[in-house]
Amino acid sequence: MSIESLRLLVVDDDPEDILILRALLRSIPNFKFELIEAQSLEDGLSALHTHGAQTDLIFVDYLLNDATGLELLHRIRKAAYHQPIIMMTGQGSEQVATEVMRAGASNYLVKGKATAIQLERVVTQAILKARETQRDAWHAEEKMRAARHVQQLNSRLNNDLEMARRIQGQLMPAVFPEIEGIQCHSLYEPAVDLGGDYYDVVPLDGGKRLGLLMADVSGHGVGAALIAVMAKMSFRNACTRFSD
């Protein structure tokens, strides 16, 4: 077996069956394991609570003195343990096999008929499949985490762009200067949230003349908006010097 040393839990009320299982495990070449024993449903859950994170696989007897193996399987899953479970039964019928597999067992073994080769195959397949499922779940969680992170970044970016759009809108004159014989009207509808379109109207010479600027910066976005801000500052400074 190519899998490293494993910690296994067996829940079986028959000590002789546990001895047989241990002997079969020992007969598997190059297989290192630690087998934790429990003989009842409650003992099995207690052992799982103690060793849960380090337990690689669970053997469960189909018929226990205080419960059924299916009941224990449901209790294990309800407690959010996801280790692979191999059900051991003395009844090798298709009905039992279907029942335990539908309940969530990885596989089942018939007591008294299982061989070391069969046990090795069943244990190896169950653990490898469980690890593959765990990796898939981890990758799915990573993708979800990355998607949430991107969503948060997009949300912050959209908020920043909305704030920048409002600020850019405030660059435009809210009120036009009143000069006899001249009426000013405007309509500003940017195609995108931020752009380089800009206009300004400034009275000159005490209101005798007007300074008018209409700018269309090539491109869109933050860069174009910043250039529009620079244009406003330059225009206003020029108008101040011209008035002086």
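Above this text you will find the structure in question.
Conventions we followed
- Residues numbered from 1 in each chain as written.
- Predicted model: local features only at pLDDT ≥ 70, side-chain atom pairs only at ≥ 80, totals over all residues.
- Heavy atoms only, no water.
- Helix = DSSP H or I, 4+ residues; strand = E, 2+ residues; numbered from the N terminus.
- Rg over C-alpha atoms; globule rule 2.2 N^0.38 Å.
- Buried < 20%, exposed > 50% of the residue type's maximum accessible area, 1.4 Å probe, protein only.
- Areas by Shrake-Rupley, 256 points an atom, 1.4 Å probe, with all protein chains shown as cover.
- Lys, Arg positive; Asp, Glu negative; His and termini not counted.
- Charge placed at Lys NZ, Arg CZ, Asp CG, Glu CD.
- Phe/Tyr/Trp six-rings, centres within 6.5 Å; stacked < 30°, edge-to-face > 60°.
- Pairing = 2+ DSSP bridges.
- Right-handed = clockwise from strand over helix to strand, strands pointing away.
- Axes fitted to C-alpha atoms, helices over the stretch in contact; angles between N-to-C directions.
- Parallel < 35°, antiparallel > 145°, perpendicular 65-115°, else oblique.
- Left-handed = near helix turned anticlockwise from the far one by under 90°.
- Contact = heavy atoms within 4.5 Å.
- Nonpolar A, V, L, I, M, F, W, Y, C, P; charged D, E, K, R; others polar.
- Core = buried A, V, L, I, M, F, W, Y, C linked by side-chain atoms within 4.5 Å.
- Salt bridge = Lys/Arg side-chain N within 4 Å of Asp/Glu carboxyl O.

Caption draft 1: Representation of the overall build of the protein chain within the structure. Looking only at helices and strands, the protein chain features 6 helices and 7 strands. When the helices and strands of the protein chain are read in sequence order from the N terminus, they spell out β-α-β-α-β-α-β-α-β-α-β-β-α. Its C-alpha atoms give the protein chain a radius of gyration of 38 Å, more than 25% over the compact-globule value 18 Å for 244 residues. Dimensions along the principal axes, computed over C-alpha positions, put the protein chain at roughly 110 × 35 × 30 Å. Here the protein chain holds 244 residues, and the buried ones make up 36% of them. Accessible surface, the protein chain: about 15200 Å² in total, of which carbon and sulfur atoms supply 53%. Looking at the protein chain, you have 25 positive and 32 negative side-chain charges, and the mean spots of the two groups are 4 Å apart.

Caption draft 2: Spatial organisation of the packing of aromatic side chains. Considering all chains together, one arrives at 1 aromatic pair under this definition. Arranged with centres 5.5 Å apart and planes meeting at 25°, the rings of Phe31 and Phe33 form a pair that is stacked.

Caption draft 3: Just the pairing of strand β3 (residues 57-61), in detail. In terms of residue burial, β3 counts as a mostly covered element, since 5 of its 5 residues are buried. Burial along β3 is two-sided: Leu57, Phe59 and Asp61 facing one way and Ile58 and Val60 facing the other are all buried. Pairing of strand β1 (residues 6-11) with β3 involves 4 bridges; the strand directions are parallel. Counterpart to Leu9 in the pairing with β3 is Ile58. Pairing analysis gives 4 bridges linking β3 to strand β4 (residues 85-89), with the strands arranged parallel. Paired with Asp61 across the two strands is Met88, which belongs to β4. Crossover β3 to β4 through helix α3 (residues 69-78) is right-handed.

Caption draft 4: Focus on the packing of helix α2 (residues 41-51) against α3. Their axes nearest at 10 Å, the elements α2 and α3 cross at an angle of 30°. Our classification of the angle between α2 and α3 gives roughly parallel. The element α2 and its partner α3 pack so that their crossing is right-handed. Between α2, through Leu41, Glu42, Leu45 and Leu48, and α3, the contact on the second element is made entirely by Glu71, Leu72, Arg75 and Ile76. Among the residues making up the contact of α2 with α3, the classes are represented as 5 nonpolar, no polar and 3 charged.

Caption draft 5: Structural detail: the pairing of strand β5 (residues 107-110). As judged from the 4 bridges shared by β4 and β5, these two strands associate in the parallel manner. Looking at the pairing, Ile86 lines up with Asn107 of β5. Chirality of the crossover, the property in question, places the unit of β4, helix α4 (residues 94-102) and β5 among those that are right-handed.

Caption draft 6: Molecular detail of the nonpolar core. Leu9, Ile58, Leu72, Ile76, Met87 and Val100 are the most contacted members of the largest nonpolar core, which has 24 residues in total. At the level of secondary structure, the elements contributing two or more residues to this core comprise β1, β2 (33-38), α2, β3, α3, β4 and α4. Beyond its immediate stretch of four places on either side in the chain, Val100 contacts Tyr62, Leu70, Met87, Ala105 and Tyr108. Core analysis: the next-biggest nonpolar cluster, separate from the first, contains 20 residues, Val10, Ala116, Val123 and Ala126 among them.

Caption draft 7: Up close: the pattern of salt bridges. Inspection of every chain in the model, using the stated rule, returns 9 salt bridges. In this structure, the salt-bridge partner of Lys111 is Asp12, at a minimum N-O distance of 2.9 Å. Placement of the pair is Lys111 in the loop between β5 and α5 (116-169) and Asp12 in the loop between β1 and α1 (15-26), with a sequence separation of 99 residues. Asp61 is the salt-bridge partner of Lys111, the closest N and O atoms lying 3.0 Å from each other. Of this pair, Lys111 sits in the loop between β5 and α5 while Asp61 sits in strand β3; the two residues are 50 residues apart in sequence, bridging distant segments of the chain. A relative accessible area of 25% places Lys111 in the partly exposed class. The network of salt bridges with common partners includes Asp12, Asp17, Asp61 and Lys111.

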